[in-house]
Amino acid sequence: MSERHTPGSGEAPARTGVVRPYGDMTGDGMVQVSFTLPVRHDKRAEGAALQLAAKMGLAPALLVHAKAMGPDHTFFVVYGSVTHLVELDKVEVVERDFPLLPAKDVNATIKRTLRRPLVVVGACIGTDAHTVGIDAILNIKGFAGEKGLEYYSEITVVNLGAQVLVPELVEEARAHRADAVLVSQVVTQRDAHIANTTQMSAAFREAYPAGRVPLLIAGGPRFEEGSAGALGVDRVFGKGTTPGEVASYLVHALCGPADRAPARQPRPERKSA
Ligand code: B12
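Calculation rules
Residues numbered from 1 in each chain as written. Predicted model: local features only at pLDDT ≥ 70, side-chain atom pairs only at ≥ 80, totals over all residues. Heavy atoms only, no water. Pairing = 2+ DSSP bridges. Helix = DSSP H or I, 4+ residues; strand = E, 2+ residues; numbered from the N terminus. Axes fitted to C-alpha atoms, helices over the stretch in contact; angles between N-to-C directions. Contact = heavy atoms within 4.5 Å. Donors = N, O, S within 2.8 Å, 3.2 Å for Na, K, Ca; no water.

Colleague: Mind showing me how you'd approach the sheet that holds strand 4 (residues 74–82) here?
Modeller: To summarise the sheet geometry, strands pair through backbone hydrogen bonds and adopt either a parallel or an antiparallel arrangement. Reading across from one edge, 2-4-3 is the order of the three strands in this open sheet, with antiparallel pairing throughout. In the strand order of this sheet, the two ends are held by strand 2 (30–37) and strand 3 (58–68), each with one partner. Adjacent strand axes in the sheet meet at a mean angle of 20 degrees when their direction is disregarded. When strand 3 meets strand 4, the two strands line up antiparallel, connected through eight bridges. Among the inter-strand pairings, Leu 62 is bridged to a residue of strand 4, identified as Tyr 79. Each of strand 2, strand 3 and strand 4 is contacted by helix 1 (residues 43–55), which is oriented at about 145 degrees to strand 3, the strand it contacts most.

Right, dumping it as structure tokens:
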């Protein structure tokens, strides 16, 4: 065990070595997990939940909640001591690779490098109607104390709202000559977020000449860090993203560092579409 730490004790938490979850005291390994089994709620179902807990490495485990979810399913909460250890030295972290800029620097950089407003088109695609996340990034009211992209004088925002079909998104991106397309995917049932995002990026690659595809950004609470390449997009943003991070990334990707030439060329005049 590395350094001992009690929450609120003022001691520095461990940053290296091996740790276990904290429940009542350091190193007791206590965790709580919830899951549903496709079995009717009875004593056998509760035994099944404890068997699963044991196989997940919870020993001893306590069944603290079991509730029938209809006639054929049961929801469980299990609390127990996990036998596994966390090796902090082996944790891999994806660090942000661009600087966070204040709004005035974002605006100034766009003005200087693009010499016109940067256009973003945003939408929830597929059947997804969860607009709160994309609105948090785009709408002027913003999120977590930060103003949304509409607040930036040099960013033009076109928010298409919910349940936008990919062909419509491509058409709107073309019509508004989008520099960046921001899609939100909150529903992840049956990996809908992965299928929809992949379909979206493929449609843009097909609709635009190579090298002219707008910057493609996907966001939502369950995107995996580092999955952008597999999804065919330039970047994914996960839970807790703030508008300032997105604005800074837009400048990083589309305008280059403040003292260098634009990473992407200023957009040429649109030919008749
Ligand atoms: C509010 C809500 C609704 C509202 C949505 C209202 C609206 N206009 O958005 C209503 C009631 C309509 C709704 C409906 C449904 N919902 Co709902 N809903 C929620 C709830 C409670 C909150 C979501 C939310 O607003 N979060 C707050 C925002 C700010 O967070 P966020 O979306 O994560 O966004 C942040 C980041 O992810 C990121 N981000 C998000 N998008 C983007 C995009 C870009 C470009 C970028 C850069 C960043 C970014 O930035 C944001 C700010 O940090 C969640 C549960 C939860 N607590 O999360 C369930 C939840 C998302 N809903 C769920 C479900 C299942 C549904 C329904 C299918 C229920 C049903 N059977 O009818 C329907 C689906 C409707 C549809 N067609 O999409 C499930 C999804 C399960 C899954 N994993 O797929 C959840 C998780 C609830 C649950 N635990 O089961 N829902």
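Colleague: Honestly, the coordination of the cobalt atom of the ligand in this entry has me stumped. Any pointers?
Modeller: When a metal holds four donors in a tetrahedron, each ideal angle between them is 109.5 degrees; when it holds six in an octahedron, the ideal angles are 90 or 180 degrees. A lone protein donor contacts the cobalt atom of the ligand, and this donor is His 130 (NE2), found at 2.2 Å. Take His 130: it is sitting in the loop between strand 6 (118–124) and helix 3 (132–138).

Colleague: What's the story with the environment of Pro 60 in this structure? I'm lost.
Modeller: Residue placement: Pro 60 occurs in strand 3. Distance from Pro 60 to Ser 81, taken between C-alpha atoms, is 5.9 Å for residues 21 residues apart in sequence. If sequence neighbours within four positions are ignored, Pro 60 has contacts with Tyr 79, Gly 80 and Ser 81.

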